[in-house]
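Commentary on secondary and tertiary structure
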Amino acid sequence: MQTVLDFSKPLYVLAPLAGLTDLPFRSVAKKFGADLTVSEMISSNALVHNSKKSLKMVEKSPLETPYSVQIAGADEGVVCGAVEILNGIEGIDIVDLNCGCPVPKIVSHGSGSSLLQDLEKMKRIIRTIKETSNKPLTSAKVRIGFQEKRPVEIGKAVEEAGADFIAVHGRTRAGKFKAPVDYEAIRLIKEAVSIPVIANGDITDYAKARWVLDYTGADGVMIGRGAVGKPWLFYQLKHGVPDDAIDPALKKAVILEHFDQMIAFYGDYGAILFRKHLHTYSKAGYRGASAFRDRVNRESDPKIMRELIAEFFDTKNAL
């Protein structure tokens, strides 16, 4: 494997989440410890039709090195065209194929976890990416089956197709986001393949991340919803800081950095978009959270909102 990623120690990866892991959020996760960031899932069809929205989603922060772009697609020709477009964009290190999204709209088009029903087709698409891409690495993100669990078969198929590493969400498509995560299945994949394996699914805090790494033997963990509202989780993992020892001053620094990145990327409208993040950031550990959320819901001026954030998340207000 080219030296884009160092798998000699556990890799901490920010998972792609639609509508959440945009450039500002990814840049914050990267600044505070994520080893790898991944774009939101991007439709291959949209890329080949030069969708401005999709091309905007490909943009990366200068901090994001290495950087992975995740695409979804079910047609080899369209996927090839999408990769050719990515070939012309600098700063991308990895092209990742989504083989796990359970959303009906994606599955009905034959993309996402639908590919797990036809592993030969999945292999052809991964090979298409590998052969077309001028980027250092190719990867795939999978689930452990569509209806039934077939983790080893899926893992070996990804390896045979030429992927450099694999991220595994420990649920079937049928399990969506509610079924218990099968970490044993991830462990079985790790034992069956020679490429690095990254574990994903319900990794919500420092202790859980450490346990998953130990139990599965995985080469890293991919954290999605567990990092929403606490992107400092990557700092904790990188520096060995458990949940009860995290400094409120660090939390404040992360939140203000996130806000500043939102304004830089979206302009003043970033203040309105940031409300959803403030609702999550303020869920626990601070006095007057309900009144704060009510106040920011009515505020759209970036300068005033930043002052409100700095005041509310001051260490003196932490419980």
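Residues numbered from 1 in each chain as written. Predicted model: local features only at pLDDT ≥ 70, side-chain atom pairs only at ≥ 80, totals over all residues. Heavy atoms only, no water.

**Looking at the overall build of the protein chain**
Assigned secondary structure in the protein chain consists of 15 helices and nine strands. The C-alpha atoms of the protein chain give a radius of gyration of 20 Å, which matches the 20 Å a tight globule of 319 residues would have. In terms of principal-axis extent, the alpha carbons of the protein chain reach across some 55 × 45 × 35 Å. Burial analysis of the protein chain (319 residues in total) assigns 58% to the buried set. Taking all contacts inside the protein chain whose residues are at least 6 apart in sequence as the whole, residues at least 24 apart take part in 70%. In the structure as shown, the protein chain presents an accessible area of about 13500 Å², 50% of it carried by carbon and sulfur atoms. Distance between charge centroids for the protein chain: 4 Å, based on 43 positive and 39 negative side chains. (Helix = DSSP H or I, 4+ residues; strand = E, 2+ residues; numbered from the N terminus. Rg over C-alpha atoms; globule rule 2.2 N^0.38 Å. Buried < 20%, exposed > 50% of the residue type's maximum accessible area, 1.4 Å probe, protein only. Contact = heavy atoms within 4.5 Å. Areas by Shrake-Rupley, 256 points an atom, 1.4 Å probe, with all protein chains shown as cover. Lys, Arg positive; Asp, Glu negative; His and termini not counted. Charge placed at Lys NZ, Arg CZ, Asp CG, Glu CD.)

**Details of the environment of L233**
Turning to its location among the elements, L233 is positioned in helix α10 (residues 233-239). Overall, L233 belongs to the buried group, its relative accessible area being 0%. Aside from chain neighbours lying at most four places away, what touches L233 is T204, D205, Y206, I223 and G226.

**Here's the deal with helix α9 (residues 206-216)**
What α9 keeps buried is the set Y206, A209, V212, L213 and T216. The buried residues of α9 occupy one face: seen down the axis, they fall within an arc of 130 degrees. Residues of α9 that are exposed and angled more than 90 degrees away from the buried face: A207 and D214. Contact partners of the buried residues in α9: β1 (11-14), α8 (183-192), β8 (197-200), β9 (220-223) and α10. (Arc of directions from axis to C-beta.)

**A look at the pairing of β9**
Burial of β9 is two-sided: the residues G220 and M222 facing one way and the residues V221 and I223 facing the other way are all buried. Direction of pairing for β1 relative to β9: parallel, over a ladder of four bridges. Bridge assignment links Y12 to a residue of β9, and that residue is V221. As judged from the three bridges shared by β8 and β9, these two strands associate in the parallel manner. Pairing of N200 across the sheet is with M222, part of β9. (Pairing = 2+ DSSP bridges.)

**Notes on the packing of helix α11 (residues 248-266) against helix α15 (residues 302-312)**
The interhelical angle for the contact between α11 and α15, taken along N-to-C directions, is 170 degrees, at an axis separation of 10 Å. Judged by the inter-axis angle, α11 sits roughly antiparallel to α15. When α11 is examined against α15, the residues K252, I255, L256, F259, D260 and I263 are found in contact with a partner set consisting of P302, M305, R306, I309 and A310. Counted by class, the contact of α11 with α15 contains eight nonpolar, no polar and three charged residues. (Axes fitted to C-alpha atoms, helices over the stretch in contact; angles between N-to-C directions. Parallel < 35°, antiparallel > 145°, perpendicular 65-115°, else oblique. Nonpolar A, V, L, I, M, F, W, Y, C, P; charged D, E, K, R; others polar.)

**Section: unusual backbone geometry**
Of note, the amide linkage connecting T65 to P66 takes the cis form, showing an omega dihedral of 0 degrees. Within the fold, P66 resides in the loop between α3 (52-58) and β4 (67-72). Residues other than glycine seldom take positive phi values, yet N50 does so here, at roughly 55 degrees. Position of N50 among the secondary structure elements: in the loop between α2 (44-48) and α3. One non-glycine residue, D202, lies in the positive phi region at around 55 degrees. On the accessibility criterion, D202 (38% relative accessible area) is partly exposed.

**A closer look at the pairing of strand β6 (residues 137-143)**
Across the seven residues of β6, seven count as buried, placing the element largely inside the fold. Burial along β6 is two-sided: L137, S139, K141 and R143 facing one way and T138, A140 and V142 facing the other are all buried. Bridge count for strand β5 (residues 94-99) against β6 is six bridges, and the pairing is parallel. The residue bridging V95 from the neighbouring strand is T138, located in β6. With respect to chirality, the unit in which β6 leads through helix α7 (residues 151-160) into the neighbouring parallel strand β7 (residues 165-169) is right-handed. (Right-handed = clockwise from strand over helix to strand, strands pointing away.)

**Section: the pattern of salt bridges**
Applying the stated criterion across every chain, the model contains 18 salt bridges. Here K252 makes a salt bridge to D314, at a shortest N to O gap of 3.5 Å. Note that K252 is positioned in helix α11 and D314 in the segment after α15, a separation of 62 residues in sequence. Judged by relative accessible area, which is 23%, D314 ranks as partly exposed. Two residues, R298 and D294, come together in a salt bridge whose shortest N-O distance is 3.1 Å. The exposure class assigned to D294 is partly exposed, which follows from its relative accessible area of 42%. (Salt bridge = Lys/Arg side-chain N within 4 Å of Asp/Glu carboxyl O.)

**Observations regarding the packing of aromatic side chains**
Each aromatic ring pair is described using two quantities: the centre-to-centre distance and the angle formed by the ring planes. Evaluated as defined, the whole model comprises twelve aromatic pairs. Consider the rings of W211 and Y215, whose centres lie 4.9 Å apart with planes at 10 degrees: the pair is stacked. Of the two residues, W211 and Y215 both sit in helix α9, four residues apart, roughly one turn of that helix. For Y215, a relative accessible area of 36% corresponds to the partly exposed category. Note on F292 and F313: the rings are 5.7 Å apart at their centroids and 85 degrees apart in plane angle, and the pair reads as edge-to-face. On the criterion of sequence distance, the pair formed by F292 in helix α14 (residues 289-297) and F313 in the segment after α15 is long-range, its members being 21 residues apart. Exposure class is identical for F292 and F313. Each is buried. Through pairs of rings, three or more aromatic residues link up here, namely W232, F259, F274 and Y281. (Phe/Tyr/Trp six-rings, centres within 6.5 Å; stacked < 30°, edge-to-face > 60°.)

On their own, these measurements won't tell you what the molecule is for.
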